[in-house]
Amino acid sequence: MSEDLPLVSVIMNAYNAEEYLNESISSVLDQTYHNWEIILWDNKSTDRTAEIINSFDDSRIRYYLASNFTPLGEARNLAISKAQGSLIAFLDCDDLWFPDKLFLQVPLFEDLEIGIVICDSIFFNSKGDNFQIYKKNKPPTGFVFKKLFSEYFISLETAIVRKSAFKDLDHIFDKSFQMVEEYDLFVRISLDWKLDYVDKVLAKWRVHEKSWTWSRDEIFPKERKLMLEKYIKQIPSFEEDYPDEIRLFKRTYTFEEALIDWREKKNYSARGMLKDYIFDGYRSY
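Residues numbered from 1 in each chain as written. Predicted model: local features only at pLDDT ≥ 70, side-chain atom pairs only at ≥ 80, totals over all residues. Heavy atoms only, no water.

Enquirer: Explain helix H3 (residues 72-80) here, please?
Expert: Structurally, the α-helix is built with 3.6 residues per turn, so residues lying three or four positions apart point the same way. Residues Gly73, Ala75, Arg76, Asn77, Ala79 and Ile80 constitute the buried set of H3. In this structure, the buried side of H3 is in contact with strand E1 (8-14), strand E2 (36-42), strand E4 (87-90) and helix H6 (181-190). (Buried < 20%, exposed > 50% of the residue type's maximum accessible area, 1.4 Å probe, protein only. Helix = DSSP H or I, 4+ residues; strand = E, 2+ residues; numbered from the N terminus. Contact = heavy atoms within 4.5 Å.)

What follows is the structure, given as structure tokens:
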């Protein structure tokens, strides 16, 4: 592989990840694009995570054991601080890549306006159920800030980011968020950078009961509200420039709050939340 090809730093944050870690690391080793490094940040695991990592004999795997446990956003920032590549990719320790992922996505960064490149992905579980995220609705490309903010469509395992896109940000992952930290990061990058897309399934996102995405979904609407407050404070004329997008954003977290109330048998409260959006319908990627 030519030395002219950019180095991709693959950010893997592990905490008690022994169940799926071997398979995830192997999916990087199987890449047909070889100019990569893994930054594997072990967030004080107490299981066999370190043993599994050390079983791989490859100098491109760089292992760091955290001195203290930190929230995921902060742990990802610490891992990124060790990255030497000009491109940053993300792979959680329960997710997978197909062999041609880097080979097909990296060349799109030849366009110097591109800050993020994504691909299609499959959500899957242990029962064999799966869902292809962009099968029906292809994501927009180019300058996508409005669409990305109002109807978020990126799955982390698909994303590769130009490292220089972080330079204009006052922070990378927001340490105050537990659930929307990647959403917030990619939206802020999209203010100044284009997004491109490879229309091929190149990754798999594992759905399981230990995932916070499914077990702590009540956090989502709370953090979306904080995210909106953050943009109103930090982006000049945000409310004046993006009223339609803000309405869609509010609609999303209102639906989430209503679903939580319905689960708790608070039907009257749930209906009241939705009254402003009753004629909108609902669609997401």
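We are not done yet, so read on.
Enquirer: It is not clear to me how the layout of surface pockets should be interpreted in this structure. Could you clarify?
Expert: The rolling of a water-molecule-sized probe over the atoms marks out the regions of remaining empty space. Space inside the second largest pocket adds up to approximately 190 Å³. Lining the second largest pocket are Asp168, Leu169, Asp170, Arg188, Leu191, Asp192, Tyr231, Gln234 and Ile235. The class makeup of the residues in the lining of the second largest pocket is four nonpolar, one polar and four charged. (1 Å grid on protein atoms, 1.4 Å probe; cavity = no way out; pocket = protein on both sides within 12 Å on 5 of 7 lines; lining within 4 Å. Points joined across faces, edges and corners; volume = space filled by probe spheres on them. Nonpolar A, V, L, I, M, F, W, Y, C, P; charged D, E, K, R; others polar.)

Enquirer: Mind showing me how you'd approach the pairing of E1 here?
Expert: The side chains of a regular strand alternate, residue by residue, between the two faces of the sheet. Most of E1 sits inside the fold, with seven of its seven residues counted as buried. On E1, burial covers both faces: Val8, Val10, Met12 and Ala14 on one face and Ser9, Ile11 and Asn13 on the other are all buried. Examined bridge by bridge, E1 and E2 share seven bridges and lie parallel to one another. Pairing of Asn13 across the sheet is with Trp41, part of E2. After leaving E1, the chain enters helix H1 (residues 21-29) and then returns to the sheet as E2, a path that is right-handed. Bridge count between E1 and E4: four bridges; the pairing is parallel. Each bridged residue has a counterpart across the sheet, and for Ile11 the counterpart in E4 is Phe90. (Pairing = 2+ DSSP bridges. Right-handed = clockwise from strand over helix to strand, strands pointing away.)

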